[in-house]
There are 2 protein chains.
Amino acid sequence: MELLSASLAAYYGDFTVAAADENLTASQGKTLNVLRRGPASMSTLATTLTCDASNMTGIVDRLEKRGLVRREPSASDRRVKNVVLTAEGERVIDVIRGNMHRTLAGLDRLDEDERAALGALLERVFTPQPAAARA
Amino acid sequence: MELLSASLAAYYGDFTVAAADENLTASQGKTLNVLRRGPASMSTLATTLTCDASNMTGIVDRLEKRGLVRREPSASDRRVKNVVLTAEGERVIDVIRGNMHRTLAGLDRLDEDERAALGALLERVFTPQPAAARA
DNA sequence: TATTGTTATACTCTATAACTATA
DNA sequence: TATAGTTATAGAGTATAACAATA
(Lines give C-alpha, C1' and ligand atoms only; values in the text may rest on other atoms or scores of the structure.)
Protein backbone atom coordinates (compact mmCIF):
# COMPACT_ATOMS: atom_id res chain seq x y z
CA MET A 1 0.00 0.00 0.00
CA GLU A 2 2.83 2.35 0.92
CA LEU A 3 4.63 1.46 -2.29
CA LEU A 4 1.49 1.82 -4.37
CA SER A 5 1.07 5.34 -3.05
CA ALA A 6 4.70 6.28 -3.75
CA SER A 7 4.62 4.64 -7.18
CA LEU A 8 1.47 6.48 -8.12
CA ALA A 9 3.00 9.78 -7.06
CA ALA A 10 6.09 9.11 -9.19
CA TYR A 11 4.06 8.05 -12.21
CA TYR A 12 1.61 10.91 -11.86
CA GLY A 13 4.40 13.47 -11.51
CA ASP A 14 6.14 12.08 -14.56
CA PHE A 15 2.92 12.25 -16.57
CA THR A 16 2.12 15.79 -15.38
CA VAL A 17 5.56 17.06 -16.43
CA ALA A 18 5.34 15.35 -19.83
CA ALA A 19 1.87 16.83 -20.42
CA ALA A 20 3.04 20.30 -19.37
CA ASP A 21 5.85 20.05 -21.94
CA GLU A 22 3.07 19.90 -24.54
CA ASN A 23 1.20 22.79 -22.86
CA LEU A 24 -1.52 20.51 -21.53
CA THR A 25 -2.83 20.17 -17.99
CA ALA A 26 -2.90 16.79 -16.27
CA SER A 27 -6.66 16.49 -16.79
CA GLN A 28 -6.37 17.30 -20.48
CA GLY A 29 -3.56 14.76 -20.85
CA LYS A 30 -5.54 12.09 -19.00
CA THR A 31 -8.50 12.71 -21.27
CA LEU A 32 -6.38 12.19 -24.40
CA ASN A 33 -4.91 9.07 -22.83
CA VAL A 34 -8.37 7.58 -22.22
CA LEU A 35 -9.39 8.36 -25.80
CA ARG A 36 -6.44 6.38 -27.17
CA ARG A 37 -8.55 3.27 -26.56
CA GLY A 38 -11.29 4.68 -28.75
CA PRO A 39 -14.14 7.20 -28.69
CA ALA A 40 -16.07 7.74 -25.46
CA SER A 41 -19.17 9.69 -24.50
CA MET A 42 -18.91 12.72 -22.23
CA SER A 43 -20.41 10.83 -19.29
CA THR A 44 -18.10 7.84 -19.83
CA LEU A 45 -15.12 10.19 -19.79
CA ALA A 46 -16.33 11.79 -16.57
CA THR A 47 -16.75 8.39 -14.92
CA THR A 48 -13.32 7.21 -16.08
CA LEU A 49 -11.63 10.41 -14.88
CA THR A 50 -13.55 10.29 -11.56
CA CYS A 51 -14.99 13.76 -11.95
CA ASP A 52 -18.43 15.30 -12.41
CA ALA A 53 -19.91 15.33 -15.92
CA SER A 54 -20.15 19.12 -15.85
CA ASN A 55 -16.34 19.35 -15.74
CA MET A 56 -15.90 17.45 -18.97
CA THR A 57 -17.65 20.19 -20.95
CA GLY A 58 -14.85 22.69 -20.25
CA ILE A 59 -12.01 20.18 -20.60
CA VAL A 60 -13.28 18.91 -23.95
CA ASP A 61 -14.04 22.50 -25.06
CA ARG A 62 -10.36 23.43 -24.62
CA LEU A 63 -9.09 20.26 -26.30
CA GLU A 64 -11.48 20.81 -29.18
CA LYS A 65 -10.40 24.45 -29.54
CA ARG A 66 -6.84 23.20 -30.00
CA GLY A 67 -7.92 20.63 -32.56
CA LEU A 68 -6.93 17.60 -30.45
CA VAL A 69 -10.42 16.06 -30.18
CA ARG A 70 -13.74 16.26 -31.99
CA ARG A 71 -17.34 15.89 -30.74
CA GLU A 72 -19.48 13.57 -32.83
CA PRO A 73 -23.21 12.92 -32.41
CA SER A 74 -24.18 9.38 -31.49
CA ALA A 75 -26.26 7.57 -34.09
CA SER A 76 -28.25 5.56 -31.56
CA ASP A 77 -29.03 8.20 -28.92
CA ARG A 78 -29.36 11.81 -29.95
CA ARG A 79 -28.58 13.02 -26.42
CA VAL A 80 -25.10 11.47 -26.55
CA LYS A 81 -21.94 13.03 -27.97
CA ASN A 82 -18.94 10.82 -28.58
CA VAL A 83 -15.52 12.41 -28.24
CA VAL A 84 -12.91 11.26 -30.77
CA LEU A 85 -9.15 11.88 -30.99
CA THR A 86 -8.05 13.80 -34.09
CA ALA A 87 -4.83 12.85 -35.90
CA GLU A 88 -3.12 15.75 -34.12
CA GLY A 89 -4.51 14.53 -30.80
CA GLU A 90 -3.07 11.07 -31.42
CA ARG A 91 0.29 12.61 -32.23
CA VAL A 92 0.34 14.73 -29.06
CA ILE A 93 -0.60 11.91 -26.67
CA ASP A 94 2.06 9.69 -28.25
CA VAL A 95 4.65 12.42 -27.70
CA ILE A 96 3.59 12.76 -24.06
CA ARG A 97 3.83 9.03 -23.45
CA GLY A 98 7.25 8.94 -25.08
CA ASN A 99 8.44 11.75 -22.81
CA MET A 100 7.71 9.91 -19.57
CA HIS A 101 11.42 9.37 -19.16
CA ARG A 102 11.55 8.27 -15.53
CA THR A 103 8.77 5.71 -15.92
CA LEU A 104 10.13 4.34 -19.19
CA ALA A 105 13.62 4.09 -17.71
CA GLY A 106 12.16 2.31 -14.68
CA LEU A 107 10.37 -0.24 -16.86
CA ASP A 108 13.63 -0.81 -18.73
CA ARG A 109 15.11 -2.10 -15.48
CA LEU A 110 12.79 -5.14 -15.72
CA ASP A 111 13.22 -8.00 -18.16
CA GLU A 112 10.34 -9.33 -20.20
CA ASP A 113 9.25 -11.93 -17.65
CA GLU A 114 9.28 -9.42 -14.84
CA ARG A 115 7.18 -6.96 -16.81
CA ALA A 116 4.67 -9.71 -17.50
CA ALA A 117 4.58 -10.62 -13.80
CA LEU A 118 4.03 -7.00 -12.81
CA GLY A 119 1.24 -6.65 -15.34
CA ALA A 120 -0.48 -9.81 -14.14
CA LEU A 121 -0.34 -8.71 -10.50
CA LEU A 122 -1.65 -5.22 -11.28
CA GLU A 123 -4.45 -6.71 -13.32
CA ARG A 124 -5.53 -8.94 -10.44
CA VAL A 125 -5.49 -6.03 -7.99
CA PHE A 126 -7.25 -3.43 -10.11
CA THR A 127 -9.29 -5.37 -12.72
CA PRO A 128 -9.96 -2.28 -14.85
CA GLN A 129 -13.45 -1.69 -16.22
CA PRO A 130 -13.36 -1.23 -19.99
CA ALA A 131 -14.95 2.06 -21.04
CA ALA A 132 -16.40 1.93 -24.54
CA ALA A 133 -18.37 4.41 -26.60
CA ARG A 134 -21.86 3.80 -27.85
CA ALA A 135 -22.34 3.10 -31.52
CA MET B 1 2.70 0.69 -19.51
CA GLU B 2 -0.94 0.36 -20.47
CA LEU B 3 -1.67 -1.54 -17.27
CA LEU B 4 0.35 0.89 -15.15
CA SER B 5 -1.70 3.75 -16.50
CA ALA B 6 -5.03 2.01 -15.89
CA SER B 7 -4.00 0.69 -12.46
CA LEU B 8 -2.78 3.99 -11.18
CA ALA B 9 -5.89 5.72 -12.54
CA ALA B 10 -7.98 3.25 -10.53
CA TYR B 11 -5.90 3.85 -7.42
CA TYR B 12 -6.06 7.62 -7.87
CA GLY B 13 -9.84 7.55 -8.34
CA ASP B 14 -10.24 5.43 -5.23
CA PHE B 15 -8.10 7.85 -3.23
CA THR B 16 -9.97 10.89 -4.56
CA VAL B 17 -13.33 9.45 -3.56
CA ALA B 18 -12.07 8.46 -0.11
CA ALA B 19 -10.66 11.97 0.42
CA ALA B 20 -13.90 13.58 -0.76
CA ASP B 21 -15.78 11.50 1.81
CA GLU B 22 -13.79 13.40 4.45
CA ASN B 23 -14.44 16.71 2.66
CA LEU B 24 -10.87 17.00 1.39
CA THR B 25 -9.62 17.60 -2.14
CA ALA B 26 -7.15 15.19 -3.72
CA SER B 27 -4.28 17.66 -3.19
CA GLN B 28 -5.16 18.10 0.46
CA GLY B 29 -5.36 14.33 0.93
CA LYS B 30 -2.05 13.78 -0.83
CA THR B 31 -0.44 16.38 1.41
CA LEU B 32 -1.64 14.59 4.55
CA ASN B 33 -0.45 11.30 3.10
CA VAL B 34 3.06 12.66 2.51
CA LEU B 35 3.17 14.02 6.06
CA ARG B 36 2.44 10.57 7.52
CA ARG B 37 6.12 9.84 6.99
CA GLY B 38 7.05 12.82 9.12
CA PRO B 39 7.30 16.62 8.97
CA ALA B 40 8.34 18.29 5.72
CA SER B 41 9.17 21.84 4.71
CA MET B 42 6.90 23.76 2.36
CA SER B 43 9.36 23.43 -0.54
CA THR B 44 9.83 19.69 0.09
CA LEU B 45 6.06 19.25 -0.02
CA ALA B 46 5.85 21.17 -3.29
CA THR B 47 8.58 19.02 -4.84
CA THR B 48 6.95 15.80 -3.64
CA LEU B 49 3.52 16.84 -4.95
CA THR B 50 5.02 18.04 -8.26
CA CYS B 51 3.59 21.53 -7.96
CA ASP B 52 4.89 25.06 -7.55
CA ALA B 53 5.86 26.20 -4.05
CA SER B 54 3.33 29.03 -4.20
CA ASN B 55 0.49 26.48 -4.31
CA MET B 56 1.48 24.90 -1.04
CA THR B 57 0.73 28.11 0.85
CA GLY B 58 -2.98 27.89 0.08
CA ILE B 59 -3.22 24.13 0.52
CA VAL B 60 -1.49 24.20 3.91
CA ASP B 61 -3.52 27.29 4.90
CA ARG B 62 -6.75 25.35 4.42
CA LEU B 63 -5.46 22.25 6.19
CA GLU B 64 -4.22 24.40 9.08
CA LYS B 65 -7.55 26.22 9.33
CA ARG B 66 -9.20 22.83 9.81
CA GLY B 67 -6.68 21.83 12.45
CA LEU B 68 -5.20 18.95 10.45
CA VAL B 69 -1.63 20.30 10.21
CA ARG B 70 0.55 22.82 12.02
CA ARG B 71 3.38 25.07 10.76
CA GLU B 72 6.50 24.98 12.94
CA PRO B 73 9.59 27.15 12.52
CA SER B 74 12.81 25.32 11.70
CA ALA B 75 15.50 25.58 14.35
CA SER B 76 18.39 25.53 11.87
CA ASP B 77 17.10 27.91 9.18
CA ARG B 78 14.75 30.68 10.11
CA ARG B 79 13.41 30.92 6.57
CA VAL B 80 12.07 27.36 6.73
CA LYS B 81 8.69 26.25 8.10
CA ASN B 82 8.14 22.57 8.76
CA VAL B 83 4.60 21.26 8.37
CA VAL B 84 3.51 18.66 10.94
CA LEU B 85 0.40 16.46 11.15
CA THR B 86 -1.81 17.12 14.18
CA ALA B 87 -3.46 14.22 16.02
CA GLU B 88 -6.67 15.04 14.15
CA GLY B 89 -4.77 15.08 10.86
CA GLU B 90 -3.36 11.61 11.60
CA ARG B 91 -6.84 10.38 12.38
CA VAL B 92 -8.30 11.75 9.14
CA ILE B 93 -5.61 10.37 6.84
CA ASP B 94 -5.97 6.96 8.52
CA VAL B 95 -9.72 7.08 7.87
CA ILE B 96 -9.13 7.96 4.21
CA ARG B 97 -6.68 5.11 3.73
CA GLY B 98 -9.09 2.71 5.40
CA ASN B 99 -11.86 3.83 3.03
CA MET B 100 -9.99 2.92 -0.15
CA HIS B 101 -12.29 -0.05 -0.51
CA ARG B 102 -11.54 -1.05 -4.09
CA THR B 103 -7.78 -0.94 -3.64
CA LEU B 104 -7.87 -2.76 -0.31
CA ALA B 105 -10.18 -5.42 -1.75
CA GLY B 106 -7.84 -5.77 -4.72
CA LEU B 107 -4.83 -6.26 -2.50
CA ASP B 108 -6.76 -8.89 -0.55
CA ARG B 109 -6.86 -10.97 -3.73
CA LEU B 110 -3.09 -11.46 -3.42
CA ASP B 111 -1.38 -13.68 -0.87
CA GLU B 112 1.57 -12.47 1.16
CA ASP B 113 4.22 -13.66 -1.31
CA GLU B 114 2.44 -12.02 -4.21
CA ARG B 115 2.14 -8.73 -2.38
CA ALA B 116 5.86 -8.85 -1.64
CA ALA B 117 6.62 -9.57 -5.30
CA LEU B 118 4.44 -6.66 -6.44
CA GLY B 119 6.13 -4.34 -3.97
CA ALA B 120 9.59 -5.39 -5.08
CA LEU B 121 8.76 -4.84 -8.75
CA LEU B 122 7.22 -1.42 -8.12
CA GLU B 123 10.22 -0.43 -6.05
CA ARG B 124 12.58 -1.35 -8.86
CA VAL B 125 10.56 0.60 -11.41
CA PHE B 126 9.97 3.75 -9.39
CA THR B 127 12.78 3.85 -6.78
CA PRO B 128 11.12 6.55 -4.68
CA GLN B 129 13.25 9.42 -3.38
CA PRO B 130 12.82 9.82 0.40
CA ALA B 131 11.68 13.35 1.31
CA ALA B 132 12.74 14.35 4.81
CA ALA B 133 12.33 17.56 6.79
CA ARG B 134 15.22 19.65 8.05
CA ALA B 135 15.99 19.57 11.77
C1' DT C 1 -39.65 9.98 -15.13
C1' DA C 2 -34.83 9.35 -15.98
C1' DT C 3 -30.63 10.48 -18.53
C1' DT C 4 -27.16 13.35 -21.47
C1' DG C 5 -24.96 17.28 -21.88
C1' DT C 6 -24.63 22.23 -20.90
C1' DT C 7 -24.65 26.54 -18.15
C1' DA C 8 -24.00 29.35 -13.89
C1' DT C 9 -21.76 29.74 -9.59
C1' DA C 10 -18.41 29.36 -5.96
C1' DC C 11 -14.32 27.35 -4.36
C1' DT C 12 -9.88 25.07 -5.13
C1' DC C 13 -5.71 24.09 -7.80
C1' DT C 14 -2.00 25.74 -10.66
C1' DA C 15 1.94 28.50 -12.65
C1' DT C 16 4.11 33.04 -13.15
C1' DA C 17 5.94 37.09 -11.29
C1' DA C 18 7.10 40.18 -7.58
C1' DC C 19 7.99 40.67 -2.79
C1' DT C 20 10.08 40.00 2.27
C1' DA C 21 13.11 37.79 5.29
C1' DT C 22 16.97 35.09 5.78
C1' DA C 23 21.21 32.72 4.29
C1' DT D 1 23.42 36.56 -4.76
C1' DA D 2 20.54 32.79 -3.78
C1' DT D 3 16.80 30.47 -1.27
C1' DA D 4 12.18 29.78 1.65
C1' DG D 5 7.90 31.28 1.91
C1' DT D 6 4.12 34.50 0.84
C1' DT D 7 1.07 37.40 -2.01
C1' DA D 8 -1.34 38.79 -6.24
C1' DT D 9 -3.21 37.41 -10.44
C1' DA D 10 -5.19 34.78 -14.18
C1' DG D 11 -6.50 30.46 -16.19
C1' DA D 12 -7.99 25.78 -15.31
C1' DG D 13 -10.21 22.04 -12.50
C1' DT D 14 -14.07 20.75 -9.38
C1' DA D 15 -18.85 19.92 -7.34
C1' DT D 16 -23.61 21.56 -6.90
C1' DA D 17 -27.79 23.02 -8.75
C1' DA D 18 -30.81 24.12 -12.51
C1' DC D 19 -31.93 23.66 -17.32
C1' DA D 20 -33.20 21.87 -22.36
C1' DA D 21 -33.39 17.99 -25.29
C1' DT D 22 -34.09 13.30 -25.66
C1' DA D 23 -35.18 8.62 -24.08
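Residues numbered from 1 in each chain as written. Chains lettered and ligands numbered in written order. Predicted model: local features only at pLDDT ≥ 70, side-chain atom pairs only at ≥ 80, totals over all residues. Heavy atoms only, no water.

- Chain A has the name MarR family transcriptional regulator in an unreviewed UniProt entry, where Streptomyces actuosus is given as its organism.

### Quick look at the packing of helix α1 (residues 2-21) of chain A against helix α7 (residues 112-126) of chain B
Helix-helix packing is characterised by the crossing angle of the two axes and by the distance between the axes.
Consideration 1: Packing of α1 of chain A against α7 of chain B brings their axes to within 10 Å, and their N-to-C directions diverge by 30°. Classified by the angle between their axes, α1 of chain A and α7 of chain B sit roughly parallel to one another. Handedness of the crossing formed by α1 of chain A with α7 of chain B: left-handed. Residues L3, L4, S7, A10 and Y11 of chain A of α1 of chain A lie in contact with α7 of chain B, whose contacting residues are G119, L122, E123 and F126 of chain B.
Consideration 2: Across the contact of α1 of chain A with α7 of chain B, the residue classes tally to six nonpolar, two polar and one charged. (Axes fitted to C-alpha atoms, helices over the stretch in contact; angles between N-to-C directions. Helix = DSSP H or I, 4+ residues; strand = E, 2+ residues; numbered from the N terminus. Parallel < 35°, antiparallel > 145°, perpendicular 65-115°, else oblique. Left-handed = near helix turned anticlockwise from the far one by under 90°. Contact = heavy atoms within 4.5 Å. Nonpolar A, V, L, I, M, F, W, Y, C, P; charged D, E, K, R; others polar.)

### Some words on the interface of chain B and chain A
Consideration 1: With 39 residues of chain B in contact, the opposing surface of chain A contributes 39 residues.
Consideration 2: Where chain B abuts chain A, roughly 4000 Å² becomes buried across the two surfaces, and 67% of that area is made up of carbon and sulfur atoms.
Consideration 3: The interface formed by chain B and chain A holds six salt bridges in total.
Consideration 4: R124 of chain B is paired through a salt bridge with E114 of chain A; the nearest N and O atoms lie 2.7 Å apart.
Consideration 5: At the surface where chain B touches chain A, the tally comes to 12 residue pairs in polar contact (both at pLDDT 80 or more).
Consideration 6: Listed by contribution, the elements that provide at least two residues to the side of chain B that touches chain A are α1 (2-21), α2 (26-35), α6 (101-108) and α7 of chain B.
Consideration 7: Here the side of chain B that touches chain A is built from residues that sort into 20 nonpolar, nine polar and 10 charged. (Buried area = accessible area lost by both parts, 1.4 Å probe. Salt bridge = Lys/Arg side-chain N within 4 Å of Asp/Glu carboxyl O. Polar contact = N/O pair within 3.5 Å; in protein donor to acceptor, adjacent residues only side chain to side chain.)

### Considering the pattern of salt bridges
Residue and element names in this part refer to chain B.
Consideration 1: One pass over the full model with this rule turns up 18 salt bridges over all chains.
Consideration 2: E64 serves as the salt-bridge partner of R71, at 2.7 Å between the closest nitrogen and oxygen.
Consideration 3: Relative accessible area serves as the criterion here: at 21%, R71 is assigned to the partly exposed category.
Consideration 4: Given the relative accessible area of 29%, E64 is considered partly exposed. (Buried < 20%, exposed > 50% of the residue type's maximum accessible area, 1.4 Å probe, protein only.)

### Notes on the protein's contact with DNA strand D
Consideration 1: Within the structure, DNA strand D sits among 22 residues, and D52, N55 and R62 of chain A together with S43 and R79 of chain B are positioned closest to it.
Consideration 2: Among the atoms of DNA strand D lying within 4 Å of the protein, the sugar-phosphate backbone contributes 70%.
Consideration 3: Within the side chain of R79 of chain A, one N or O atom sits 3.5 Å away from a base oxygen of DNA strand D.
Consideration 4: Contributing elements (two or more residues each) for the surface near DNA strand D: α2 (26-35) and α4 (53-65) of chain A together with α3 (42-48) and α4 (53-65) of chain B.
Consideration 5: For the surface near DNA strand D, a count of residues per class yields four nonpolar, nine polar and nine charged. (Near = heavy atom within 4 Å.)

### Brief notes about the environment of S7 of chain A
Consideration 1: Tracing the backbone shows S7 of chain A in helix α1.
Consideration 2: Excluding its chain neighbours within four sequence positions, the residues that come into contact with S7 of chain A are L8, L122 and F126 of chain B.

### A look at the protein's contact with DNA strand C
Consideration 1: Within the structure, DNA strand C sits among 22 residues, and R79 of chain A together with T25, D52, N55 and R62 of chain B are positioned closest to it.
Consideration 2: When the atoms of DNA strand C within 4 Å of the protein are sorted by group, sugar and phosphate make up 69%.
Consideration 3: Taking R71 of chain A, its side chain carries an N or O atom lying 3.0 Å from a phosphate oxygen of DNA strand C.
Consideration 4: One nitrogen or oxygen atom from the side chain of T25 of chain B is found 2.5 Å from a phosphate oxygen belonging to DNA strand C.
Consideration 5: Ranked by residue count, the leading element in the surface near DNA strand C is α4 of chain B, at four residues.
Consideration 6: For the surface near DNA strand C, the residue count by class is four nonpolar, nine polar and nine charged.

### A closer look at the pairing of strand β3 (residues 81-85) of chain B
All names here are of chain B.
Consideration 1: Of all five residues in β3, four are buried, a share of seventy percent or more.
Consideration 2: By the bridge criterion, two bridges tie strand β1 (residues 40-41) to β3 in an arrangement that is antiparallel. By the bridge assignment, A40 is partnered in β3 with V83.
Consideration 3: Pairing analysis gives five bridges linking strand β2 (residues 69-73) to β3, with the strands arranged antiparallel. Along β3, the bridge assignment pairs P73 with K81. (Pairing = 2+ DSSP bridges.)

### Here we look at the UniProt feature "domain: HTH marR-type" (unreviewed entry) in chain A
Consideration 1: When the UniProt feature table is mapped to this numbering, "domain: HTH marR-type" (unreviewed entry) covers residues 1-127 of chain A.
Consideration 2: For residues 1-127 of chain A, helix accounts for 67% and strand for 9%, while the C-alpha atoms at its two ends are 17 Å apart. (UniProt positions renumbered as here; feature names shortened; annotations may be inferred.)

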